[in-house]
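Structural overview
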Amino acid sequence: MKKGLIMALLVAGLILAGCTTSEVKPKETPTKPVETPTKKPEKTPTPKVTPIPTPTPKPTPKIETAPIKCTICHTKAPNYSPHANGGKLCGNCHGWDPHKIHVGAGTINLDCRTCHGEPPNIVVPQPMEEGRTVCENCHAYPDPLKPSYGNLINIHIPRGKYCTNCHGTDVASLHATADKFAQG
Ligand code: HEC
Ligand code: HEC
Ligand code: HEC
Ligand code: HEC
Ligand code: HEC
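Because the structure is a prediction, the values reported are computed rather than measured.

This next bit is on the site of ligand 1. Residues in contact with ligand 1, as listed here, are Ile-68, Lys-69, Cys-70, Cys-73, His-74, Cys-163, Thr-164, His-167, Val-171, Leu-174, His-175 and Thr-177. Here a nitrogen atom of ligand 1 and a side-chain polar atom of His-74 are 2.8 Å apart. Contact between ligand 1 and His-175: a nitrogen atom at 2.7 Å from a side-chain N or O atom of the residue. Contributing elements (two or more residues each) for the shell around ligand 1: helix 7 (163-167) and helix 8 (171-174). With three residues, helix 7 is the single largest residue contributor to the shell around ligand 1. A per-class count over the shell around ligand 1 returns six nonpolar, five polar and one charged.

Below, the discussion takes up the coordination of the iron atom of ligand 1. Every protein donor of the iron atom of ligand 1 is listed here as His-74 (NE2) and His-175 (NE2), and their distances to the metal cover 1.9 to 2.0 Å. Given six donor atoms and angles of 88 to 180° at the metal, the environment of the iron atom of ligand 1 is assigned as octahedral. On the criterion of sequence distance, the pair formed by His-74 in the loop between helix 1 (2-23) and helix 2 (81-84) and His-175 in the segment after helix 8 is long-range, its members being 101 residues apart. Exposure remark for His-74: the relative accessible area of 30% places this residue in the partly exposed category.

What counts and how
- Sequence positions are assigned chain by chain, starting from 1 and proceeding in written order.
- For naming, the first written chain is A and the first written ligand is 1, with later ones following in the order written.
- Predicted model: local features are reported for residues with pLDDT of at least 70 only, side-chain atom pairs are reported and counted for 80 or more only, and whole-chain, interface and lining totals are derived from all residues.
- Only hydrogens and water are set aside; all other atoms, that is, all heavy atoms of the structure, feed into the side-chain values.
- Consider each residue's heavy atoms; a residue with any of them within 4 Å of a molecule or strand counts as near.
- Each polar contact in these results corresponds to two N or O atoms within 3.5 Å; when the atoms are within protein, one needs to be able to donate a hydrogen and the other to accept it, and residues that are neighboring in sequence are counted only if both atoms are side-chain atoms.
- Runs of H or I in DSSP of at least four residues are treated as helices and runs of E of at least two as strands, each being numbered from the N terminus.
- When residues are sorted by character, Ala, Val, Leu, Ile, Met, Phe, Trp, Tyr, Cys and Pro go into the nonpolar class, Asp, Glu, Lys and Arg into the charged class, and all the rest, Gly among them, into the polar class.
- For Na, K and Ca the donor cut-off is 3.2 Å; for every other metal, N, O and S atoms count as donors within 2.8 Å. Water does not enter the count, which can leave sites looking incomplete.
- A four-donor site is classed as tetrahedral when every donor-metal-donor angle falls between 85 and 135 degrees; four donors are called square planar, and six octahedral, when trans pairs exceed 155 degrees and all remaining angles lie between 65 and 115, with any other arrangement labelled irregular.
- Only protein chains enter the area calculation, which uses a 1.4 Å probe; residues under 20% of their type maximum are buried, those over 50% are exposed, and those in between are partly exposed.

Note that every value here comes from positions in space, so none of it alone points to a role or purpose.
Written out as structure tokens, the structure reads:
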């Protein structure tokens, strides 16, 4: 009797597993839709119809790959003033609410105690000094609970977020001033 029940459950389980696997096929990485060459419409007055957007596949979290190694030339990137004094900029990209960044679904979901300590010694982190933001209290590498003093390079590069994550990969437009030597 018991054996029969177990078998039945097992079979049911297998069937369910079968169903789910057939439903949740690993999503193919969407290939970029081939751009159709835009043909100029003939003289017919184009009716104002909002073009149906091609369903853009949700891109998998972008891991920028660098076309070239930026640090071949930019050997002093940590000392560039916008990087070294990057503490004021964190919120431009990440927002300023520490809770939205660190707590809850879609975040690393830190325990409150990581930043606020344990009772009875609850603390509310404050900027270390005038002119700094509270973000700079943390995010050193490798210990994220040590102060980073806002150095964008030391915060991001060792954690695998390269120059291109922030600057993009269009090296030519980043260096458009190089074209100033061109004639005409
Ligand atoms: C072969 C050397 C070289 C490489 C490699 C290089 N750069 Fe540069 N970059 C320069 C020089 C020189 C300048 C300053 C002159 C200029 O603005 O073009 C510069 C300027 C810049 C600027 C400032 C532009 C401005 O107008 O303020 C940015 C941003 C930058 N580079 C980002 C990058 C990134 C990101 C990479 C890697 C993808 C990279 N660079 C790779 C040489 C290089
Ligand atoms: C110019 C935009 C920009 C600024 C300014 C910026 N960040 Fe980021 N940061 C990013 C991007 C882009 C990522 C990568 C996000 C991703 O992969 O989802 C990132 C990722 C991170 C990560 C996660 C790294 C990991 O382990 O995955 C931390 C921590 C971080 N930033 C902290 C900071 C702090 C602190 C500051 C201010 C001192 C700051 N950021 C300023 C753009 C920025
Ligand atoms: C990444 C660090 C971090 C984590 C994790 C965190 N907090 Fe905070 N919290 C802060 C900072 C920094 C402030 C100071 C306010 C500010 O700078 O916006 C703060 C402020 C607060 C305040 C307001 C205190 C006041 O005096 O205004 C409360 C309440 C609070 N946090 C509760 C929590 C709770 C509950 C959790 C867990 C669910 C939590 N926090 C997780 C960093 C954190
Ligand atoms: C008390 C320390 C503390 C403070 C203050 C703090 N953080 Fe963090 N932060 C952490 C820790 C610890 C982590 C998790 C470890 C890591 O990703 O390096 C983290 C992770 C992050 C991440 C990555 C989140 C993810 O989901 O992967 C970002 C982005 C970030 N912090 C930005 C900020 C910004 C912006 C501020 C200021 C508004 C700030 N942090 C304030 C300690 C802090
Ligand atoms: C977390 C984001 C972030 C990362 C990572 C990052 N930068 Fe920047 N960088 C900035 C911001 C923000 C500025 C100031 C605003 C701007 O010029 O876009 C800046 C400015 C610069 C400038 C101009 C400096 C000046 O004084 O005007 C250069 C050059 C540059 N970055 C190169 C690099 C290189 C090379 C790397 C990698 C070694 C790198 N950046 C990594 C965010 C970043």
